[in-house]
Amino acid sequence: MKINDTEIWKDVLGYEGKYEVSTLGNVRRNGKLLKQLTNRQRGDYKLVGLCGKKHRVHRLVGQSFIDNPNNKPEINHINGLKWDNRVENLEWVTKKENVVHSVEIGLKGRKQLKLNQKFSSNIINEIKKLIDNKVKYRVISEKYNVSTGYITQLKKNNRRIYG
């Protein structure tokens, strides 16, 4: 891979002096580029091994080059290409912003938005009462505009509750 003259390198946070990441999404150790693997099971993101631990390259680029004053937890690929880890293609976002963006550019369907809606604790409690009263999941699903899978996850308490 040819390295561009405008490529800027910084130490990888937590691995200072050992590994560097660039504005083009490359990672190196002692001046040698590391091989990046594609994780097909977890969304086709590029991964690189640092001291025996796998890291997503887009997160390394984001942590080293992109300010995150609002402490947003996720990195979005602006053009939707998960292998394009150039700094100008990445931005910090909330989970909801990431899902909305993926729907807007056609990576996910509108149904995905329903799975990531944030509900107040009052609404969550209403849904749980309906579940306890044996109301059919389809009825609850239609009332609150969520999938039946979401309701199943609420029942199992696997869904993160937002309040």
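Here the residue numbers are simple positions, counted from 1 along each chain's written sequence. Under the rules for a predicted model, residues below a pLDDT of 70 receive no local features and side-chain atom pairs below 80 are neither given nor counted, while totals for whole chains, interfaces and linings still include all residues. As a rule here, side-chain values cover all heavy atoms of the structure and leave hydrogens and water aside.

Novice: Could you clarify how one ought to interpret helix H5 (residues 137-144) in this entry?
Specialist: Structurally, the α-helix is built with 3.6 residues per turn, so residues lying three or four positions apart point the same way. Where H5 is concerned, the buried positions are Ile140, Ser141 and Tyr144. Down the axis of H5, the smallest arc covering the buried residues is 100°, so these residues share one side. Exposed side of H5, more than 90 degrees from the buried face: Glu142 and Lys143 are the residues found there. The classification of residues rests on relative accessible area computed with a 1.4 Å probe and restricted to protein chains. Under 20% of the type maximum is buried, over 50% is exposed, and intermediate values are partly exposed. Strands are runs of DSSP state E lasting at least 2 residues, helices are runs of H or I lasting at least 4, and numbering of each runs from the N terminus. The directions considered for the arc run from the helix axis to the C-beta atoms.

Novice: Looking at this structure, I do not really get the confidence of the model for the protein chain. What am I missing?
Specialist: Low-pLDDT portions of the prediction should not be read for the details of their coordinates. Confidence in the prediction for the protein chain averages 83 pLDDT; 83% of positions are at 70 or higher. Residue-level confidence of the predictor, termed pLDDT, takes values from 0 up to 100. In this description, contact between two residues means that some pair of their heavy atoms is separated by no more than 4.5 Å. Under a pLDDT of 50 for its full length, residues 112-116 has, in the predicted model, eleven contacts with residues more than four places off or in other chains. This stretch, residues 158-163, has a pLDDT under 50; its non-local contacts, to residues over four places away or in other chains, come to 13 contacts.

Novice: Looking at this structure, how should I read the sheet that holds strand E3 (residues 27-29)?
Specialist: The strands making up a sheet are joined through hydrogen bonds of the backbone, oriented either antiparallel or parallel. Two strands qualify as a pair provided DSSP detects at least 2 bridges between them. What the four strands build is an open sheet, ordered E1-E2-E3-E4; its pairing is antiparallel. At either end of the open sheet lies a strand with only one pairing partner, and these are strand E1 (9-11) and strand E4 (32-33). One ladder, built from two bridges, connects E3 with E4; its direction is antiparallel. Following the sheet pairing, arginine 28 is matched in E4 by leucine 33. Where helix H1 (residues 57-65) meets the sheet, its contacts fall on E1, strand E2 (20-22) and E3, and the angle it forms with E2 comes to roughly 90°. Orientation is described by axes fitted as lines to C-alpha atoms, over the contacting stretch for helices, and by angles from 0 to 180 degrees between their N-to-C directions.

Novice: I would appreciate a short explanation of the side chain of asparagine 98 in the present structure.
Specialist: Within the element layout of this structure, asparagine 98 appears in helix H2 (residues 95-104). Under the relative-accessibility criterion, asparagine 98 is labelled buried at 16%. Definition of a polar contact: a pair of N or O atoms within 3.5 Å, with one able to donate and the other able to accept a hydrogen when the atoms are protein atoms, and with sequence-neighbouring residues admitted only if both atoms are side-chain atoms. Polar side-chain contacts of asparagine 98 include one of 2.7 Å to the side chain of glutamate 74. Beyond its immediate chain neighbours, meaning those up to four positions away, asparagine 98 contacts Glu74, Ile75, Asn76 and Val93.

Novice: Honestly, the nonpolar core in this entry has me stumped. Any pointers?
Specialist: Within soluble globular proteins, side chains that are nonpolar tend to cluster in buried spots. For our purposes a nonpolar core is just a set of buried Ala, Val, Leu, Ile, Met, Phe, Trp, Tyr and Cys residues, chained together by side-chain atoms within 4.5 Å. Formed by 16 residues in total, the largest nonpolar core has its most connected members in Val12, Val21, Val27, Val48, Leu50, Leu60 and Val61. Elements with a minimum of two residues in this core: strand E6 (45-50), H1 and strand E9 (90-93). Residue contributions to this core peak at four residues, all from H1. Non-local contacts of leucine 60, meaning those with residues more than four positions away in its chain, are made with Val12, Val21, Val27, Val48, Leu50 and His55.

Novice: I keep staring at the packing of H5 against helix H6 (residues 148-156) and nothing clicks. Help me out?
Specialist: Two packed helices can be described by the angle between their axes and the distance between those axes. Contact geometry for H5 and H6: axes closest at 9 Å, N-to-C directions at 110°. Taken together, the axes of H5 and H6 lie roughly perpendicular to each other. Within the contact between the two elements, H5 uses Tyr137, Arg138, Ile140 and Ser141 and H6 uses Thr148, Ile151, Thr152 and Lys155. Looking at the contact of H5 with H6, its residues break down into three nonpolar, three polar and two charged. Small angles under 35 degrees read as roughly parallel and large ones over 145 as roughly antiparallel, with 65 to 115 read as roughly perpendicular and the rest as oblique. When residues are sorted by character, Ala, Val, Leu, Ile, Met, Phe, Trp, Tyr, Cys and Pro go into the nonpolar class, Asp, Glu, Lys and Arg into the charged class, and all the rest, Gly among them, into the polar class.

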